[in-house]
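One letter stands for each residue in the lines below.
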Amino acid sequence: MKYAMLIYGDDSQWVDLPDEEKAKLRAEEMPRWVALFEELQKADPVVSGHELAGRTTAKVVRVRDGERIVTDGPFAETKEVVGGVFLADLPDLDEAIRLAAQIPVAEMGSIEIRPVVQ
Amino acid sequence: MQYLALIYADETAWDSLTEKERRDVYARYTALADEMRTAGVMAGGNELGPTRDATTVRVRGDETLVTDGPYAEVKEALGGYFLLECASIDEALDWAARIPAAEHGAIELRPLHVEPEGGAS
């Protein structure tokens, strides 16, 4: 079964950090992401992962009665927003849960696992 | 630049559609995806199963907490996405506005993270 792991985190403090601080924190955490991605790759050689730019870069578009309405900011006004997604073909939900728990963001935020419609 | 177009829509509205209506909606998505491919902007896309099939995982301390259901109970839920390869956010907005769910739900466009110059790749 193909699963999407939606990574929800609170990036409100992250966005205000200076670039050097971000780079440092990112470098510290990177080995865990790499190890996780390698494990995902073992389960699914064509696993994909996408990291999204911060919430301030988001735009929302709606079309009502033929008219386009564009607003700034993410769609949801929640404290935690989607910051990335992994997509992998895994044996079952238990395996998806085991791997989701290894995503560093799971320790502060939440990982939502959703089956993908084939 | 790649943009993720997150598709938010009311799931109960989808559940209430007839088989024929659903086929018509799928046909519109297929036609749009074909057009995106022809234009060279289609980099990926997936439809997610309903939020009632979602599982949410959190780790607090040494404990893994697993709950049924989505991260947040919202009227309009994330139902899928397109990954678009576009020259600018304006071009991505043009495509996003044509996603059928834009007419009743909302499409959130997010550029993918790009490591700043000089940073690790």
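Report follows, based on the coordinates. Note that the structure is a prediction, hence the values are computed from the model and not measured.

Of the regular secondary structure elements, chain A holds two helices and six strands. Written out in order from the N terminus, the α and β elements of chain A read β-α-β-β-β-β-α-β. Principal-axis analysis of the C-alpha atoms gives chain A an extent of 45 × 40 × 20 Å. When the 118 residues of chain A are sorted by exposure, 34% land in the buried category. Once local pairs closer than 6 in sequence are excluded, the contacts in chain A between residues at least 24 apart make up 79%.

Right, let's get into the pairing of strand β6 (residues 106-111) of chain B. Within β6 of chain B, five of the six residues are buried, which leaves the element mostly enclosed by the surrounding structure. Both strand β3 (residues 59-64) of chain A and β6 of chain B contribute to a ladder of three bridges, which runs antiparallel. Directly across from Val60 of chain A, in β6 of chain B, lies its bridge partner Glu108 of chain B. For strand β1 (residues 2-10) of chain B and β6 of chain B, the ladder comprises six bridges, and the chain directions are antiparallel. Bridged to Tyr8 of chain B within β6 of chain B is Ala106 of chain B.

On to the nonpolar core, then. In this structure, Met5 and Ile111 of chain A together with Ala5, Leu6, Ala96 and Ile107 of chain B are the most contacted members of the largest nonpolar core, which totals 58 residues. Per-element accounting of this core gives the leading share, seven residues, to β1 of chain B. When neighbours within four sequence positions are excluded, Ile107 of chain B is seen to be in contact with Val60 and Val61 of chain A together with Ala5, Leu6, Ile7, Ala96, Ile99, Ala101 and Ala102 of chain B.

Turning our attention to the pairing of strand β4 (residues 63-68) of chain B. All names here are of chain B. Where strand β3 (residues 55-60) lies against β4, six bridges are found, and the strand directions are antiparallel. For Thr55, the partnering residue across the bridge sits in β4 and is Asp68. If you look at the hairpin formed by β3 and β4, you'll find two residues sitting between the two strands, and Gly61 has a positive phi there, around 65°.

Once that is clear, we can look at unusual backbone geometry. Trans peptide bonds make up the majority, and among non-glycine residues the majority have a negative phi. Residue and element names in this part refer to chain A. Positive phi, close to 50°, is recorded for Asp65, a residue that is not glycine. With respect to the secondary-structure elements, Asp65 resides in the loop between β3 and β4 (67-72). Assessed through the 5 C-beta atoms surrounding it within 10 Å, Asp65 is described here as exposed.

Cut-offs applied
Residues numbered from 1 in each chain as written. Chains lettered and ligands numbered in written order. Predicted model: local features only at pLDDT ≥ 70, side-chain atom pairs only at ≥ 80, totals over all residues. Helix = DSSP H or I, 4+ residues; strand = E, 2+ residues; numbered from the N terminus. Buried ≥ 20, exposed ≤ 12 C-beta atoms within 10 Å, placed from the backbone. Contact = placed C-beta atoms within 7 Å. Pairing = 2+ DSSP bridges. Core = buried A, V, L, I, M, F, W, Y, C linked by C-beta atoms within 7 Å.

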